Amino acid sequence: KTEAKTPAKGKAAEKPAPGQGQALLLETSGKWQAYATQAQGKARICYALGKAAERKPANLKDVPGYLFISTRPGEGVKNEISFVMNFALKEEVEHQASIGEQSFVLVAKGQNLWLKNPAEEARVLDAMRKGSTLEIKATSKRGNATADKYLLSGVSQTVKRAEDACK
C-alpha cells in the first residue's frame, strides 16, 4: 500500500497535495473534494478526500483525520479506501469502520488504516454512498481508544469525479 498524504492547506485548487505530484482540485461536494495529478495516462492518480467532521478524544481535535478513496490506473487500483489518522496506531489489533448497521475490519500500518479484506472495498463504497455517516474506531499505539466521524454527503459525486478523471 502507498501512504496517502493530506492536501495542502489554503488554495487547494492551486497547490499540489504533498506526495501526490501536482494534484489539482477538481470538485468540492459537501465535506468531500476530488483531486487528480497532472500526470497523463496510467501514471495519473485520482482521489476523493474527506476530512473527519468529529474526532474523539477531545485532545486530538487539532490533529485532523482524512479518508482517501484513490484510483491509480498504473497500478491497477480503483477506489482503494484508506484512512490517515495522523497519529501512531496499534498495529497488532483490529480496528473498526461502521456505516449504519454494517461494520468492517481495518488494519493499521504506522498512522494509516486500510480494510483488512481489500475485496470488501466495493461493498464499503456502496455503503458509503447510501449512508449518512462513517465512524472509525481505532486504538493508538499508546493504547488509547479514538473515534472519527465522517459525513458522507457528497462522497458519491466526488468519487465519480475522481474515477472519471482517471479513465
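A quick note: this is a predicted structure, and the numbers were derived from the prediction, not measured. (Residues numbered from 1 in each chain as written. Predicted model: local features only at pLDDT ≥ 70, side-chain atom pairs only at ≥ 80, totals over all residues. Heavy atoms only, no water.)

Our next topic: the nonpolar core. Core analysis: the largest hydrophobic core is formed by 29 residues, its most contacted members being L67, I69, F83, L113, M128, L134 and I136. Elements supplying a minimum of two residues to this core: β5 (66-72), β6 (77-84), β7 (95-99), β8 (102-109), β9 (112-115), α1 (121-130), β10 (133-139) and α2 (155-165). Excluding residues within four positions of it along the chain, L134 makes contact with L67, F83, S98, I99, M128, D148, K149, Y150 and L152. One finds A23, Y47, F68 and V84 within the second-largest nonpolar core, a separate group that totals seven residues. (Core = buried A, V, L, I, M, F, W, Y, C linked by side-chain atoms within 4.5 Å. Buried < 20%, exposed > 50% of the residue type's maximum accessible area, 1.4 Å probe, protein only. Helix = DSSP H or I, 4+ residues; strand = E, 2+ residues; numbered from the N terminus. Contact = heavy atoms within 4.5 Å.)

What follows covers the pairing of β10. Only one face of β10 is buried, namely the one carrying L134, I136 and A138, since none of T133, E135, K137 and T139 on the opposite face is buried. Pairing of β10 with strand β11 (residues 145-151), which is carried by seven bridges, proceeds in the antiparallel orientation. Each residue of the ladder has a partner; that of A138, found in β11, is T146. Between the end of β10 and the start of β11, which pair antiparallel, lie five residues, with G143 showing a positive phi angle near 95 degrees. (Pairing = 2+ DSSP bridges.)

Once that is clear, we can look at the side chain of E27. Mapped onto the secondary structure, E27 falls in strand β1 (residues 23-29). Judged by its relative accessible area of 18%, E27 falls in the buried class. A polar contact is formed between the side chain of E27 and the side chain of Q157, at a distance of 2.2 Å. Dropping the residues within four chain positions of it, E27 is found in contact with W32, Q33, A34, Q157, T158 and R161. (Polar contact = N/O pair within 3.5 Å; in protein donor to acceptor, adjacent residues only side chain to side chain.)

Turning next to α1. Those residues of α1 that fall on the buried side of the exposure criterion are E121, V124, L125, A127 and M128. Angularly, the buried residues of α1 cover 160 degrees about the axis, an arc narrow enough to put them on a single face. Those residues of α1 that are exposed and angled more than 90 degrees off the buried face are A122 and K130. (Arc of directions from axis to C-beta.)

As enumerated under the stated definition, the model contains three aromatic pairs in all. Relative to Y47, the ring of Y35 has its centre 5.2 Å away and its plane inclined at 20 degrees; by these criteria the two rings are stacked. In this pair, Y35 is assigned in strand β2 (residues 32-37) and Y47 in strand β3 (residues 46-51), connecting sequence segments 12 residues apart. In this structure, Y35 and Y47 share a single accessibility class: buried. With 6.1 Å between their ring centres and 55 degrees between their planes, F83 and Y150 make a pair best called tilted. Here Y150 lies in strand β11 and F83 lies in strand β6, a separation of 67 residues in the sequence. Taking the relative accessible area as the measure of exposure, F83 reaches 2% and is therefore buried. Judged by its relative accessible area of 0%, Y150 falls in the buried class. Taken together through their ring pairs, the aromatic side chains of Y35, Y47 and F68 make up a single cluster. (Phe/Tyr/Trp six-rings, centres within 6.5 Å; stacked < 30°, edge-to-face > 60°.)

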